[in-house]
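Results of the structural survey
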Amino acid sequence: MHETQICGGTVKCYFAQAPSSDENTEPHLQPPIPDKQFLISPPASPPVGWEPVHEGKPCVNYDLLTALAKLTPGQSHELHAASDNQPGIIVHICEDQPVDRSANKPQIVQTRCPERT
């Protein structure tokens, strides 16, 4: 099969055998040593020396928020001008349509319970 021509292309096949170590004679991988098993099922109290990770402040992009605030309904906004090899990106902002909750809702007819014998 090596160097076989298929549909105008060359198929190359290789066979590799994983190297075996002297300490492990079993051909299958072993699970990792459970040194951080407390994160899977936490004990009643954390291990000695464990400290919670403090998260940083959220990244707020004020330029993006300003651009979103400037978008007005009913207008088109060009985000990326078209070029020879890329299409343009234009966003059309939709106006909120009032929801008519008094419209005819379909009636759900309750089925009669069959008589018990």
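Note that residues are indexed from 1 along each chain, following the sequence as it is written. Side-chain atom pairs in this predicted model are given and counted only at pLDDT of 80 or more, local residue features only at pLDDT of at least 70, and totals for whole chains, interfaces and linings cover all residues. Only heavy atoms go into the side-chain values, all of them from the structure, while hydrogens and water stay out.

What follows concerns the overall build of the protein chain. On a plain count of helices and strands, the protein chain comes out with 1 helix and 4 strands. Numbering of helices and strands runs from the N terminus, with a helix taken as a DSSP run of H or I at least four residues long and a strand as a DSSP run of E at least two residues long. Taken from N to C terminus, the helices and strands of the protein chain fall in the order β-β-α-β-β. The buried label goes to any residue with under 20% of its type's maximum accessible area, the exposed label to any with over 50%, and the partly exposed label to all in between, with areas taken from a 1.4 Å probe on protein chains only. The buried share among the 117 residues of the protein chain stands at 1%. Counted over contacts in the protein chain with a minimum sequence separation of 6, partners at least 24 positions apart contribute 0%. Carbon and sulfur atoms form 56% of the exposed surface of the protein chain, whose accessible area is close to 12600 Å². Here a residue-residue contact requires only that any non-hydrogen atoms of the pair lie within 4.5 Å. Every accessible area reported is derived by Shrake-Rupley at a probe size of 1.4 Å, with residue values counting cover from the shown protein chains alone.

Patches were defined on residues exceeding 30% relative accessible area and lacking a salt bridge, with like-charge contacts within 9 Å and nonpolar side-chain contacts (Val, Leu, Ile, Met, Phe, Trp, Tyr) within 5 Å. Salt bridge criterion: a side-chain nitrogen from Lys or Arg within 4 Å of a carboxyl oxygen from Asp or Glu. A cluster of nonpolar residues, Val 60, Tyr 62, Leu 64, Leu 65 and Leu 68, forms a patch on the protein surface that exposes about 510 Å² of accessible area. The residue Leu 65 is located in helix α1 (residues 62-70) in this model. Exposure remark for Leu 65: the relative accessible area of 44% places this residue in the partly exposed category.

Now for the environment of Asn 61. Structurally, the position occupied by Asn 61 is in the loop between β2 (9-11) and α1. For Asn 61, a relative accessible area of 42% corresponds to the partly exposed category.

We now examine the side chain of His 77. Looking at where His 77 falls in the secondary structure, it is placed in strand β3 (residues 76-80). The exposure class assigned to His 77 is buried, which follows from its relative accessible area of 16%. Setting aside residues no more than four positions away along its own chain, His 77 makes contact with Lys 70, Leu 71, Thr 72, Ile 89, Ile 90, Val 91 and Ile 93.

The next thing to look at is α1. Along α1, only 0 of the 9 residues are buried, which leaves the element largely exposed. In protein, a polar contact requires one atom able to donate a hydrogen and another able to accept it; more generally it is a pair of N or O atoms within 3.5 Å, and residues adjacent in sequence count only if both atoms are side-chain atoms. The N-capping residue of α1, defined by a side-chain oxygen 3.2 Å from the backbone nitrogen of Asp 63, is Asn 61.

What follows is about the pattern of salt bridges. What the rule picks out here adds up to 1 salt bridge. Between Arg 112 and Glu 115 there is a salt bridge; the shortest N-O distance is 3.2 Å.

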